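A look at the structure
Spelled out from the first residue to the last, the chains are:
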Amino acid sequence: MRHYFILPLFCVLSFLSLAQRKVQLVILFDTSNSMDGLINQAKARIWNIVNEASTFTYQGAPVMLEIAMYDYGNSSLSPSSNYIRKQLDFSQDLDLVSEKLFGLRTSGGDEYCGAVLVESLTNLTWSSDPKDLKLIYIAGNESYKQGPVSIQSACKLATDKNVCISSIFCGDRLQGINLGWKTGADCGNGDYFNINSNEQVQQIATPFDDQIIEQNRLLNDTYIGFGATAIESKSKQLSQDQNALGVSKAVETERYLVKSKSSYKNEKWDIVDANKADSTRLRTLKDEELPQEMKGMNLEQREAFVQQKTKEREAIQKEMARLEVERSKYIEQETLKNNQQKTDDFGTAVAASMKAKAKALCFE
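Evaluation of the coordinates by the stated rule reveals eight aromatic pairs. Their ring planes at 55 degrees and their centres at 5.9 Å tell us that Phe169 and Trp181 sit as a pair that is tilted. In this pair, Phe169 sits in strand 7 (residues 164-170) while Trp181 sits in helix 7 (residues 181-187), placing the two residues 12 residues apart along the sequence. Here the aromatic residues Tyr144, Phe169 and Trp181 are joined through ring pairs into a cluster of three or more. A cation sits over an aromatic face here: Arg21 above Tyr58, 5.4 Å from the ring centre. One residue, Arg313, lies across the ring of Tyr223, its end atom 3.7 Å from the ring centre.

Below, the structure is given as structure tokens:
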């Protein structure tokens, strides 16, 4: 008997499109007084989330990952803004994403979910392609219905833009349902989760972490800055390495694994990524824009230097990919061996939902 695998019609039709698919991920953080635990969980899980999104492919090709971020409910913000602040427009700069997250501070205030949802749906540049994956995750612990903007208006906007809104209530599941968080997720075609935001994130150290950390040191040496922002951008890269290290060794390792993937790119300041994005870039750079190592080089010498750094980086990335497979196997085995009960935290909630939504849109 022959067995046939039949793709959903949407997926079949999608094969006709060759444009690179996008994953647009927006996170809305409640930064009122009681949300320090949520922010700490996000810091511990941000690279796990990005790593999950970085593995998505569409018809075998890598996707373009864009992340945006707002915080809301902070008393330091203006009442006229409904206590909302845009931290980050859609960006592929993952160091900037980390910088903004680690810069969040809490202060008591009024949390208006409807207002921040409508703000993000209205003032971000959302893709118009229904085949792109467009997701909002909103986290908080007060009533979902507070504020001057209705949840229904947010859901209507999200539906029109093919955006899924998922909600993460920081507290008891039934309490979150009673406060409207599940209703908000349902009308936004998203998922509802509840988490204990004050619980420490469960992480497993592995024998491969130190090797990955050493590979990252070598990887950083292949980033050669050029132009006016070279020093500042390189410093930001190293600062975000330190921020991850400051949380835990596991978080540090997860950041470095993200840095080994195609979603981590810095063509605005790194000569290797710039050349990969535009092979004519080396011809147009003035000598004073070049990194110290390349000053005075002719075009042939420039190309040879960059190709050498490119080969070095690719070899490091290949080794990190191998180590990541071994690390993942180890974590899976240790989890089973210790019979660890999985509980949702901010990162696991977002990662699980994102994976399911991606599959529904034929991402792999």
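Resuming the write-up.
Per the stated rule, a full pass over the model turns up one disulfide. Put simply, Cys155 and Cys187 are joined by a disulfide, and their sulfur atoms are 1.8 Å apart. Linking Cys155 in helix 5 (residues 151-160) with Cys187 in helix 7, this pair joins segments that are 32 residues apart in sequence. Cys155 sits in the buried class, given a relative accessible area of 6%. Look at Cys187 and you get partly exposed, because its relative accessible area is 27%.

This part is about the environment of Leu361. Of note, Leu361 is situated in the segment after helix 14 (346-360). Sequence separation between Leu361 and Asn141 is 220 residues, and the spatial gap between their C-alpha atoms is 30 Å.

Within the open sheet, the six strands sit side by side as 5-4-1-6-7-8. Their pairing is mixed. Edge positions in the sheet fall to strand 5 (84-91) and strand 8 (192-195), since each of these pairs with one other strand and no more. Going across the sheet, the axis of each strand differs from the next one's by a mean of 15 degrees, ignoring polarity. Note that strand 4 (residues 64-72) and strand 5 share five bridges and pair antiparallel. Its bridge partner being in strand 5, Asp71 is matched across the sheet by Arg85.

Positive phi values are uncommon outside glycine, yet Asn82 reaches one of about 60 degrees. Looking at where Asn82 falls in the secondary structure, it is placed in the loop between strand 4 and strand 5. Phi angles above zero are rare outside glycine, and Asn162 is one such case at about 60 degrees. Mapping Asn162 onto the fold places it in the loop between helix 5 and strand 7. The exposure class of Asn162 is partly exposed, given its relative accessible area of 43%.

Okay, the nonpolar core next. Counting 57 residues, the largest nonpolar core has Phe29, Phe56, Ile168, Phe346 and Phe363 as its most contacted members. The biggest single contributor to this core is helix 2 (residues 36-54), with nine residues. In contact with Phe56, other than residues within four places in its own chain, are Val23, Pro62, Val63, Leu133, Met354, Lys355, Ala358, Phe363 and Glu364. In terms of nonpolar packing, the next biggest core, distinct from the first, is built from 31 residues, Leu117, Leu124, Ala158 and Phe169 among them.

A low pLDDT means the predicted coordinates there should not be read in detail. Mean pLDDT over the protein works out to 92, with 94% of the residues at or above the 70 mark. Note on residues 1-7: pLDDT under 50 across the span, and two contacts to partners over four residues away in sequence or across chains.

Quick notes on the rules
Within any chain, residue numbers begin from 1 and follow the written order of that chain's sequence. In keeping with the model being predicted, local features are shown solely for residues with a pLDDT of at least 70 and side-chain atom pairs are shown and tallied solely at 80 or more, while totals for entire chains, interfaces and linings include all residues. The side-chain figures draw on all heavy atoms in the structure; neither hydrogens nor water molecules are used. Working definition: a ring pair exists when centres of Phe, Tyr or Trp rings (six-membered ring for Trp) sit within 6.5 Å. Plane angles under 30 degrees give stacked, over 60 give edge-to-face, the rest tilted. Under the DSSP-based scheme used, a helix requires at least four consecutive residues in state H or I and a strand at least two consecutive residues in state E, with every element numbered from the N terminus. Each ring is checked for a lysine NZ or an arginine CZ that lies within 6 Å of its centre and within 35 degrees of its normal; such an atom marks a charge sitting over the ring. Working definition: a disulfide is two cysteine sulfur atoms within 2.5 Å of each other. When a residue's accessible area, from a 1.4 Å probe over protein chains only, is under 20% of the maximum for its type it is buried; when over 50% it is exposed; and in between it is partly exposed. Any two strands with at least two DSSP-identified bridges between them are counted as paired. The convention used is that axes are lines fitted to C-alpha atoms, helices contributing only their stretch in contact, and that angles between N-to-C directions extend from 0 to 180 degrees. To qualify as a nonpolar core, a set must consist of buried Ala, Val, Leu, Ile, Met, Phe, Trp, Tyr and Cys residues joined through side-chain atoms within 4.5 Å. In this analysis, two residues are considered to be in contact whenever any of their non-hydrogen atoms come within 4.5 Å of each other. The pLDDT value expresses, per residue, how confident the predictor is, ranging between 0 and 100.

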